[in-house]
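Summary of the model geometry
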Amino acid sequence: MAETKTLIEIPAFVTVRELATMMGVSPINVIKELMANGIMANINQQIDFETAAIVAGEMGYDVVAHEEVVVEAPVDETEKTGWRKVLAGERAGDLQPRPPVVTMLGHVDHGKTSLLDIIRKANVTAGEAGGITQHIGAYQTLKDGRLVTFLDTPGHEAFTAMRARGAQATDIAILVVAADDGVMPQTREAVDHARAAHVPIVVALNKIDLPGARPDRVKQQLSEMGLVPDDWDGDTMVIPVSAREKLGIDDLLEAVLLVAEEADPKANPGAPASGTVLEAKIERGKGIMTTALIQNGTLRLGDTMLVGEHYGRIKAMYDYTGKRIQTAAPSTPVSVSGLDGMPQAGEQFRVVDSEKTARRIIDEAREAARETPTSRGRGPTLDEFFARLLEGEAKTLNLIVKADVQGSLEPIVTSLERLNGGEVELDILRSATGPITESDVMLASASGAIILGFNVDADPIARNAAAVEEVQIRTYSIIYKLIEDVEKAMKGMLAPTFEDVVIGRAEVRQVFKIRGVGNIAGSYMRTGEGRRNAKARIVRNSRLLHSGTISSLKHLQENVREVKAGFEFGVSLDGFEDYQPGDIIEFYVTQRVEA
Ligand code: GDP
């Protein structure tokens, strides 16, 4: 039986709450659906059209974009690829196979750069030899008639920084392990990062030319990490290679193609292009050059590209060899000029129908950002966790555990794992000894995890990153206290604390009686600012008379969202009428403070 679906029109950006209202459902259901798609969002958070379309589609709505692009229900094939968000709204029939995108991960000096170089050069035709000096953040190579895209910035730092910006560009990770050195701390980190991103791993067992190479010992170490080699009856492909002697490179590429076959990456070449910015720089004579990976659609010269607050028509486009091109298909890295500013690596771009549309989308996003200025970022905190759980926002508590010594790490992990089994799932993304590092913070940020430290602290860089990325770090010196806190968070017993923060002070100068409305306090903003969505309290002679929500905020008869210092305005509060000249109005917001 044909089912009639309700059609809703979604702008470029909506908050979770707005989307729920459009569909007439509870925001909790929307949040749950987002979670199911791997996106942690709170009720006031903005989501872009693509994400909103997936959610709406899955909740049984037909969706129309503002630009009048008809978007259909999402397709399941995209789930495996990790590009699901990018492919929102594509019809299964429109999807075509695309080259896999590969990232090299591994410990420093194990040979990532050398392998990337060898693979890059392996495919250079005589005419191009020596010509490829371009580094645009990615390149492509041909193996058995099939293209493979390599991201050129090796290491999990770049990989995870991108994920933290919301971009998942990688389909397959090559874990490079030097056969003489074996599994090292960053090897473990790389595995954690790839796993947290649900990216399959192929191991390149490098430097087998060295006399000190001990492949079997490395395979043993890999097995201990759960990467059991396929020749040991496991399902991880471990390929012996030597970047120095150019050995095994073909086997490695073959292994990548095999894994790619399983992942079956797809995209719709017929769509307007979208993807991820890899880097941006100013080049002499060319202006701002943006290099980007196309994840869906086809990018054409003259297209209008929109990235965050920047946009522009593409004036020139180059491939990774520096050759001018007119069009570029999915998984192609390109370098383009035409943007009016420098985007950041990891930002998502898309093509819109005109510069006017781009400006409108940017304006709308700015407006919306103003409306929810205090909404928290991505990172959950332990005391928020249960609240999120109740709202359906969270099902899994992601943790990173760092301890001073193995002897304390083990009992902590065992005790934490014992807490599993109930409604809430605990997922320990990483457990390791040593101080809390920036890498831990980035992994936490990209995966929405909380970091627990036992007898260890965060280094200053990590602290800084945690502040920027809004990642919670909690440190303990008593094991049971750590376990207890996690347990309490899972049960919602960790009481959150709130604090009122004054954002502005104003003085009442005149009271206006308005028929049908009530009294309005004609006031002057002395310091800070007043916001329509803040709360306010009335203070008279140092006594608090009233506090509550604001019913109206006006400047020159116009309703406004905020009033800055030095301006006159009219304000009224819900449930209060008795304003007097000389009263102080304090605008404040309630913020959660960390325990
Ligand atoms: P990265 O830090 O992982 O990018 O490692 P590099 O590619 O910079 O390599 C580190 C060092 O190992 C360099 O001195 C390379 O020349 C050397 N190296 C890389 N691959 C091999 C290899 O297969 N065999 C030997 N013997 N040395 C290698």
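Located above this text is the structure these notes cover.
This text gives an overview of the structure that appears in the document.

Looking now at the overall build of the chain. For the chain, the helix and strand inventory stands at 14 helices and 34 strands. Taking all 595 residues of the chain together, 52% fall into the buried category. Counting only contacts in the chain whose residues sit at least 6 apart along the sequence, the fraction spanning at least 24 positions is 71%.

Moving on to helix α7 (residues 215-224). Taken residue by residue, α7 has Val-218, Lys-219, Gln-221, Leu-222 and Ser-223 as its buried positions. Packing partners of the buried residues in α7 comprise β10 (172-178), β11 (201-206) and β12 (238-240). Taken from the residues just after α7, Gly-226 is the one with a positive phi, measuring 90°.

Around the ligand, the structure places 15 residues, and the nearest of them are Asp-109, Thr-113, Ser-114, Asp-209 and Ala-243. Separating an oxygen atom of the ligand from a side-chain N or O atom of Thr-113 is a distance of 2.5 Å. At 2.6 Å from an oxygen atom of the ligand is found a side-chain nitrogen or oxygen belonging to Ser-114. Surface burial for the ligand is 76%, taken as the share of its 580 Å² of free accessible area covered by protein chains. The element that contributes the greatest number of residues to the shell around the ligand is helix α4 (residues 112-122), accounting for 3 residues. A class-by-class count of the residues in the shell around the ligand yields 3 nonpolar, 7 polar and 5 charged.

As a further point, take α4. Residues of α4 that are buried: Lys-112, Leu-115, Leu-116, Ile-118, Ile-119 and Arg-120. If you follow the buried residues of α4, they end up packed against β7 (101-106), β8 (138-143), β9 (146-151), β10, β11 and α8 (249-263).

Turning next to the side chain of His-546. For His-546, the position within the fold is in strand β30 (residues 543-555). Looking at His-546, its side chain comes within polar contact range of the main-chain oxygen of Asp-574, at 3.3 Å. Beyond its immediate sequence surroundings of up to four residues, His-546 is in contact with Ala-536, Arg-537, Ile-538, Leu-573, Asp-574, Gly-575 and Phe-576.

Our next topic: the sheet that holds strand β24 (residues 425-433). Across a sheet, strands are paired by hydrogen bonds formed along the backbone, either parallel or antiparallel in direction. Overall, parallel pairing links the 4 strands, which are arranged β24-β23-β25-β26 in an open sheet. The open sheet terminates on both sides in strands that have one partner only, identified here as β24 and β26 (473-476). Each adjacent strand pair in this sheet contributes to an overall mean axis angle of 25°, direction not counted. Relative to β26, strand β25 (residues 449-454) runs parallel, the two sharing 4 bridges. When the bridges of β26 are listed, Leu-452 appears paired with Arg-474.

Note that Gln-326 resides in the loop between β19 (316-318) and β20 (327-328). Judged by its relative accessible area of 54%, Gln-326 is exposed. Gln-326 sits 26 residues away from Arg-300 along the chain, and the two C-alpha atoms are 5.8 Å apart. In this view, Gln-326 contacts Leu-299, Arg-300, Leu-301 and Met-317; residues no more than four positions away in its chain are not counted.

Let's shift gears to the sheet that holds β7. Overall, mixed pairing links the 6 strands, which are arranged β8-β9-β7-β10-β11-β12 in an open sheet. A strand with exactly one partner marks an edge of an open sheet, and here the two such strands are β8 and β12. On average, each strand axis in the sheet is inclined to that of its neighbour by 30°, with strand direction left out of account. Docked against the sheet, helix α6 (residues 185-196) engages β7, β10 and β11, running at close to 170° with respect to β10. Running at roughly 130° to β10, α7 makes contact with β10, β11 and β12 of the sheet.

This paragraph deals with the pattern of salt bridges. The full count for this structure, using the stated rule, is 31 salt bridges. For Glu-254, the salt bridge identified is with Lys-143, shortest N-O distance 3.4 Å. Of this pair, Glu-254 sits in helix α8 while Lys-143 sits in strand β8, and the two are 111 residues apart along the sequence. Accessibility expressed as a relative area gives 37% for Glu-254, which makes it partly exposed. For Lys-286, the salt bridge is made with Glu-283, and the minimal N-O distance between the two is 3.6 Å. Residue class for Glu-283 comes out partly exposed when judged on its relative accessible area of 23%.

As a further point, take the packing of α6 against helix α12 (residues 438-447). Packing of α6 against α12 leaves a shortest axis separation of 10 Å and a crossing angle of 5°. The angle between α6 and α12 falls in the class roughly parallel. Facing α6, whose interface residues are Glu-189, Asp-192, His-193 and Ala-196, α12 presents Ser-439, Leu-443 and Ser-447. Across the contact of α6 with α12, the residue classes tally to 2 nonpolar, 3 polar and 2 charged.

Before going further, it helps to examine the pairing of strand β22 (residues 348-352). Counting buried positions along β22 yields 4 of 5 residues, so the element is predominantly enclosed. As defined by bridge partners, strand β14 (residues 274-283) adjoins β22 across 3 bridges and the pair is classed as antiparallel. Following the sheet pairing, Gly-275 is matched in β22 by Phe-349. In terms of strand pairing, strand β17 (residues 304-307) meets β22 through 4 bridges, oriented antiparallel. Counted as the bridge partner of Met-305 is Val-351 from β22.

This brings us to the packing of aromatic side chains. Summed over the entire model, instances satisfying the criterion amount to 4 aromatic pairs. Where Tyr-139 meets Phe-150, the ring centres are 5.6 Å apart and the plane angle is 20°; that geometry is what we call stacked. Remark: Phe-150 occurs in strand β9 and Tyr-139 occurs in strand β8; sequence separation between them is 11 residues. Each member of the pair, Tyr-139 together with Phe-150, is buried. With a centroid separation of 6.1 Å and 55° between ring planes, the pair formed by Phe-569 and Phe-587 is classed as tilted. Within this pair, whereas Phe-569 is found in strand β33 (residues 568-573), its partner Phe-587 is found in strand β34 (residues 584-593), the two being separated by 18 residues in sequence. Of the residues examined, Phe-569 reaches a relative accessible area of 5% and is grouped as buried. Owing to a relative accessible area of 0%, Phe-587 belongs among the buried residues under this scheme. One aromatic cluster is present, built from ring pairs that chain together Tyr-139, Phe-150 and Tyr-320.

Core analysis: the largest hydrophobic core is formed by 28 residues, its most contacted members being Met-104, Leu-115, Ile-119, Phe-150, Ile-174 and Leu-252. Among the secondary structure elements, those contributing two or more residues to this core are β7, α4, β9, β10, β11 and α8. Sorting elements by how many residues they give to this core places α8 first, with 8 residues. Of all hydrophobic cores here, the second largest spans 22 residues; its members include Val-14, Leu-34, Tyr-61 and Val-63.

Procedures and definitions
- Along every chain, residues carry numbers that run from 1 in the direction the sequence is written.
- Given that this is a predicted model, residues contribute local features only at a pLDDT of at least 70 and side-chain atom pairs are listed and counted only at 80 or more, while totals for whole chains, interfaces and linings are drawn from all residues.
- Calculation of side-chain values draws on the structure's entire complement of heavy atoms; hydrogens and water are dropped beforehand.
- Here a strand is any run of E in DSSP of at least two residues, a helix any run of H or I of at least four, and the numbering for each starts at the N terminus.
- Think of it in three bands: residues with accessible area under 20% of the maximum for their type are buried, residues over 50% are exposed, and the middle band is partly exposed, with areas taken using a 1.4 Å probe on protein chains only.
- We call two residues contacting when some pair of their heavy atoms lies within 4.5 Å.
- A molecule or strand has a residue near it when one of that residue's heavy atoms lies within 4 Å.
- Two N or O atoms count as a polar contact when they lie within 3.5 Å, although within protein this holds only if one can serve as hydrogen donor and the other as acceptor, and sequence-adjacent residues are included solely when both atoms are side-chain atoms.
- Per-residue and other accessible areas were derived by the Shrake-Rupley procedure at a 1.4 Å probe size, with only the shown protein chains allowed to occlude residues.
- We call Asp, Glu, Lys and Arg charged. Ala, Val, Leu, Ile, Met, Phe, Trp, Tyr, Cys and Pro are nonpolar, and the rest, Gly among them, are polar.
- Criterion used throughout: strands pair if DSSP finds at least two bridges between them.
- To obtain each axis, a line is fitted to C-alpha atoms, and for helices this fit is confined to the stretch in contact; angles are then taken between N-to-C directions over 0 to 180 degrees.
- Here a salt bridge means any side-chain nitrogen of Lys or Arg lying within 4 Å of a carboxyl oxygen belonging to Asp or Glu.
- Each angle receives one of four descriptions, namely roughly parallel if under 35 degrees, roughly antiparallel if over 145, roughly perpendicular if within 65 to 115, and oblique otherwise.
- By convention, a stacked pair of Phe, Tyr or Trp rings (six-membered ring in the case of Trp) has centres within 6.5 Å and planes under 30 degrees apart, an edge-to-face pair has planes over 60 apart, and any other such pair is tilted.
- For our purposes a nonpolar core is just a set of buried Ala, Val, Leu, Ile, Met, Phe, Trp, Tyr and Cys residues, chained together by side-chain atoms within 4.5 Å.

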